[in-house]
Structures are given as C-alpha cells and as structure tokens.
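Descriptive analysis of the structure
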Amino acid sequence: MGLHDAQLMSDQEKLDKIVDQITGGLPEYDRAKIPGFSEVEVDAAHRHLRLHWKGEVPASVAKVLAHLPAGFSAEVVPAKYSKAELHAARDKLLSNGQQKDLASKVTPAATRITSVAPAVDGSGLDVTYDEDRGQGRFDVRDSLAPSVRQDKTSEVEAAAESLTGVQAHVRYQALSIDAQATREADWSPWQGGGGLQTGGGTICSTGFGVTRKSDGKKLITTAYHCGAQGPYYTWSGSHAFVGTAKLENASATNDIVGIDPGKNTSGNRVWDGPWNMTGYSKAVSGWGNNNVGDMVCTSAANSGAHCWLYIQQTDISVTGPNGVTRPDVEFAYSDDIAAANGDSGGPVFTGSNDWTTDEARGVITALDNTMDCGSFTTADAWQRKPWCFHGVYYVPIGKILHDQNWSLNTG
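Residues numbered from 1 in each chain as written. Predicted model: local features only at pLDDT ≥ 70, side-chain atom pairs only at ≥ 80, totals over all residues. Heavy atoms only, no water.

**A few points about the sheet that holds strand β3 (residues 73–78)**
If you trace the 3 strands from one edge of the open sheet to the other, you get β1-β2-β3, paired in mixed fashion. The open sheet has two edge strands with one neighbour each: β1 (37–43) and β3. Adjacent strand axes in the sheet meet at a mean angle of 15°, parallel and antiparallel pairs treated alike. Pairing of strand β2 (residues 48–53) with β3, which is carried by 6 bridges, proceeds in the parallel orientation. From the neighbouring strand, Trp53 faces β3, where its bridge partner is Pro78. (Pairing = 2+ DSSP bridges. Helix = DSSP H or I, 4+ residues; strand = E, 2+ residues; numbered from the N terminus. Axes fitted to C-alpha atoms, helices over the stretch in contact; angles between N-to-C directions.)

Here it is, written out as structure tokens:
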C-alpha cells in the first residue's frame, strides 16, 4: 500500500469519527431515530462530508460542522424526506417482514420487489424489482423487450408511490445471488475468511470470531443461508471438523450463524491476500459503522481479498434467493472484482492503525452486478467456472453483534 493509500484511509477514519459526532454514535441502521436526518456521505479523497438533512440542523450538529479539523469541509444539502419518513414508507412495502409481490397488468408473473432503500439524497425510495419466478429463481437476462420493460417499470413506480405516499425511483434488478468455498485448510483458533464446506458439500467462508456474552463461548460466523444447522468442515486438506451450526446461534433476517467449534475456539484475525496465499492474516482491532462513500475490503475464501469497494448505499432491505428479507444491509461496489460465488459469510472490513489491523464492518450476504472473471481464478475453479461480481451486499457487524448478543474477538 502506497503513502497516498495510507493517507486516504487516515482521512476516512477522521471523517467517520466526525460522522459519529453528528449521529451521536448511532449505527447506520438506527439513524432514523435522529429527527430530520436523512443521510451522510463520506468523500475521503476530498476530505469532505455531505450531510442530507430535512429542515434546519440542530445546534449540536451545527457546532460539529463549525469546528472541523483543518483541511476538512462539509456541506448540508436539503432533503425532501427524513430517514424516519422513508423508513415508514418502506414498511408499507413489507408484509410480515417480507417484501411484497405486486400484481401486474403488463406481465403474467407477479412483480417481486427485490430491494427497497431510502435514497441517499433523501428524495424518496430506491426500489428494484423483477418477475417472481419462484424462490431462488430469476431471469439470467431480462426477458422483456425494452419498451415492455419501460411500461413495467412505470407500472411498478406508480404502484410503489401509491402504496408508500413518497416518490419512488424504480429500476429492474433481478434477485441477488447468495454468495456460497488456504484459507482452504485453516485450523483452530479459526480465523475469518477461511474456507468452509457444509455437510451437503456446498462451500462458504468464515466471517469473524465472536464471543457469546451469555456464557463466554467463542464462535466463528458464516452466512445463515449456507446452513443454519449441522456440521462444517475445512474445504481442503483433511477436511477437518470446524464445528456445528445451531439455530440458537442463528438469525435468518441477519443471514448469520455462529458455528460452535466444540473444544476448539475462534480467533481474532482475518485472512488477507489472495485466496491461495498461506500464513497471512491481520488482527481485528474492533468494529465501526458504515457510511456512504467509505472504502471497504472483502476477504473471503473463494476469491481472496479485494479492496477499493466503495459503499454506495446503506440501510437497504433486500430479499435473498432463499425468500428471506434481510432488512438492514449495505451495498459496496468496485470497478474490479468485489467477490465471487463461494464467498458467502466472508468478512467485510476497512483498514485501521495505518492498515496494520482490520476494523470489522460486516459479513457478506449476497452478490450483484455480474462481471466476466477474465483470467481471474478462484479456489474452486476446478469444480466450476468462476462467477465474479462487482457488487457486494453485507450485513453490518454492529447489527449482528447487537441482535445476537455477541462481542467481537479483537486483538
């Protein structure tokens, strides 16, 4: 990493701390509690913050903005809606915790809402949809002619605005892909970003070492959709037994499960570097909230580490192929490879302490924006053609730790 990269990460850390002062430390999924707040964007390259707010900012926020560090700037942009208003509107597109299907006059298949999120600029809701082909099924390519798709999008937009009472920005987007697999032959204490194989033979990745607050038991996490119950093994070598997933340590809506390693334990590090690099890991120093514009990294077992993913949106409600709505996820995008199929459950983090340690940000839940892998290979390339993606959905680590009553293993 060059000096420019280190400076950029240092500036991001400073901006994120300013955001914490503005929000009172509230995590991104909980900021609807702040009256008038809509969103905040971090631009580390220009040492700048863009704050979207409905109405006048309170005195406490104005004071923070008036005393920024030298060389840093901020602006307040008026928002049409607050995050609280957009959360209330989003809830009208949910039914029993799941995103609604809408009847269509344009297509025989019902319209399936695939994601809903407050627009970054507070102008309304960002809504995506496709045709409901059944659980886990979707069109690989858009099956509608452009003119028909335009009519369908207009129909969904009208329906969404009628149901929610706010402006809707609608686009077609097929159901996201669950990212399912050394790293390949890790050992206790289990580290994040290692390869996992389920009893059924599917492949996923470990996320972070955590500790149950109730009894001090150390677990290693992966994605719920990889398997919420049953044994997990390392992917290669002797296929060593990692531990057992149990429903008592799982959450479908957060797409997370803690694997109980039995007499073994979980560590406080995550793998870094390419998937086929051995012996290289970094300590987890803690965890942080996510802000639009932050740069994050992924580091999962099938495709290795990828940095320079920028958070495009937070606080998204997205439906996974298993039909379960994950109500609080973030989306990060890279012009290069962000992750590959087989990376489910892997860690998302950002650099800290001059990049000598990693700050946890979340756990990979789904992938989007398919790309050609080109010459890039993955750990399971012998088994199937690599399937690469520009975009990653991940569940924020703060949400996981809070809901599961876990603490993060750090060192």
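**Some thoughts on the packing of aromatic side chains**
Under the defined criterion, the tally for this structure stands at 5 aromatic pairs. Here the aromatic rings of Phe331 and Tyr393 are separated by 4.8 Å at their centres, their planes lie at 50°, and the arrangement is tilted. Placement of Phe331 in strand β22 (residues 325–333) and of Tyr393 in strand β26 (residues 388–396) is noted, with a sequence separation of 62 residues between them. The pair formed by Phe331 and Tyr393 is uniform in burial state, with each residue classed as buried. We note Arg149 situated over the ring of Tyr172; from NZ or CZ to the ring centre the distance is 3.8 Å. (Phe/Tyr/Trp six-rings, centres within 6.5 Å; stacked < 30°, edge-to-face > 60°. Buried < 20%, exposed > 50% of the residue type's maximum accessible area, 1.4 Å probe, protein only. Lys NZ or Arg CZ within 6 Å of the ring centre and 35° of its normal.)

**Let's talk about the environment of Gly209**
With respect to the helices, strands and loops of the structure, Gly209 is situated in strand β13 (residues 209–212). Classification of Gly209 as buried rests on a relative accessible area of 5%. Taking C-alpha positions, Gly209 is 8.7 Å from Thr265, a pair spaced 56 residues apart along the chain. In this structure Gly209 touches Leu219, Ile220, Ser266, Gly267, Leu408 and Asn409, once residues within four positions along its chain are discounted. (Contact = heavy atoms within 4.5 Å.)

**Side note on the nonpolar core**
With 21 residues, the main nonpolar core has Phe208, Tyr393, Trp406 and Leu408 as its most contacted residues. Sorting the residues of this core by element identifies β21 (304–319), β22, β25 (357–371), β26, α5 (397–404) and β27 (406–408) as the ones contributing at least two each. Those residues within four positions of Tyr393 in sequence are excluded, and the remaining contacts are Gln173, Ser176, Ile316, Val318, Val329, Glu330, Phe331, Val363, Ile364, Thr365, Ala366 and Asp368. Phe37, Val42, Ala44 and Leu49 belong to the second largest nonpolar core, which has 16 residues in total. (Core = buried A, V, L, I, M, F, W, Y, C linked by side-chain atoms within 4.5 Å.)

**Structural notes on the state of the cysteines**
Within the structure shown, the criterion is met by 3 disulfides. Residue Cys204 pairs covalently with Cys226 via a disulfide, S to S 2.0 Å. What sets the handedness of the Cys204 and Cys226 disulfide is the S-S torsion sign, and at about -90° it is left-handed. Taken together, the residues Cys204 in strand β12 (residues 203–205) and Cys226 in the loop between β14 (218–222) and β15 (230–233) connect sequence positions 22 residues apart. Since its relative accessible area comes to 8%, Cys226 is described here as buried. Across the disulfide, Cys297 is cross-linked to Cys307 (sulfur-sulfur distance 2.0 Å). Here the disulfide of Cys297 and Cys307 is right-handed, its torsion about the S-S bond being about 105°. With Cys297 in strand β20 (residues 295–300) and Cys307 in strand β21, the pair connects residues that are 10 residues apart, well separated along the chain. (Disulfide = S-S within 2.5 Å.)

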